Amino acid sequence: MKHEDIKRIFEGYFEKYKKTEGDRTAWSAVWLEATKEGVLELNMTKCPKGTTFKIFVNKKKEAQISGWNAFFETMPEIAGKYPGLYDEQRIFSEMEFVI
């Protein structure tokens, strides 16, 4: 899947499902993907400092990164470390379906 499509879909999902972090300056949306390989959690947070992603695998934080470029650089590493867990075609097709 193209990076532009992933960004468009995740941004659309964020706009529909975001929740405030308390002080209304930070907003987050979480996608949870449960498979037989484990559980992947993609957390997108936006605040005045920018966009941050927290990636959890089986409730353990694997990465906290800033910006889309870092997201696209990090996710192949996660996919390599946890085969079968991060399938961007499946994840972002499902995410697009719910928006």
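The following refers to the structure shown. Worth saying up front: this structure is predicted, and the values here are computed from it rather than measured. (Residues numbered from 1 in each chain as written. Predicted model: local features only at pLDDT ≥ 70, side-chain atom pairs only at ≥ 80, totals over all residues. Heavy atoms only, no water.)

Examining the side chain of N43
Stage number 1. In this structure, N43 sits in strand β3 (residues 38-47).
Stage number 2. Within the structure, N43 has its side chain in polar contact with the side chain of T45 (distance 2.9 Å).
Stage number 3. Not counting residues within four places of it along the chain, the set of residues in contact with N43 comprises S28, A29, V30, T52, F53 and K54. (Helix = DSSP H or I, 4+ residues; strand = E, 2+ residues; numbered from the N terminus. Polar contact = N/O pair within 3.5 Å; in protein donor to acceptor, adjacent residues only side chain to side chain. Contact = heavy atoms within 4.5 Å.)

Points about the sheet that holds strand β5 (residues 60-66)
Stage number 1. Pairing in this open sheet of 5 strands is antiparallel, and the strands run β1-β2-β3-β4-β5 from one edge to the other. What marks the edges here is a single partner per strand, and that holds for β1 (19-20) and β5.
Stage number 2. Pairing of strand β2 (residues 27-35) with β3 involves 9 bridges; the strand directions are antiparallel. Paired with A29 across the bridge in β3 is M44.
Stage number 3. In the packing of helix α2 (residues 68-81) onto the sheet, the strands contacted are β3, β4 (50-57) and β5, and the crossing angle to β5 comes to about 155°.
Stage number 4. Here helix α3 (residues 88-98) sits on the sheet in contact with β2 and β3, set at roughly 125° to β2. (Pairing = 2+ DSSP bridges. Axes fitted to C-alpha atoms, helices over the stretch in contact; angles between N-to-C directions.)

Overview of α3
Stage number 1. Residues of α3 that are buried: I91, F92 and M95. The buried residues of α3 all sit within an arc of 85° when viewed along its axis, so they share a single face.
Stage number 2. Elements in contact with the buried residues of α3: α1 (3-17), β2, β3 and α2. (Buried < 20%, exposed > 50% of the residue type's maximum accessible area, 1.4 Å probe, protein only. Arc of directions from axis to C-beta.)

What about the environment of P83?
Stage number 1. Relative to the assigned elements, P83 resides in the loop between α2 and α3.
Stage number 2. Along the sequence, P83 and G38 sit 45 residues apart, while their C-alpha atoms lie 9.9 Å from each other.

Side note on unusual backbone geometry
Stage number 1. One non-glycine residue, N58, lies in the positive phi region at around 50°.
Stage number 2. Looking at the element boundaries, N58 is found in the loop between β4 and β5.
Stage number 3. If you check the backbone angles, K59 has positive phi at about 70° while not being a glycine.
Stage number 4. We classify K59 as exposed; its relative accessible area is 80%.

Description of the packing of aromatic side chains
Stage number 1. Under the defined criterion, the tally for this structure stands at 11 aromatic pairs.
Stage number 2. Residues F10 and F71 carry aromatic rings whose centres are separated by 6.2 Å and whose planes lie at 70° to one another, so their mutual orientation is edge-to-face. Pair noted here: F10 is in helix α1 and F71 is in helix α2, with a separation of 61 residues, a long-range link. Per residue, the accessibility class of F10 equals that of F71, and both read buried.
Stage number 3. Their ring planes at 75° and their centres at 5.5 Å tell us that F71 and F72 sit as a pair that is edge-to-face.
Stage number 4. Among the aromatic side chains, those forming a connected cluster through ring pairs are F10, F53, W68, F71, F72 and F92. (Phe/Tyr/Trp six-rings, centres within 6.5 Å; stacked < 30°, edge-to-face > 60°.)

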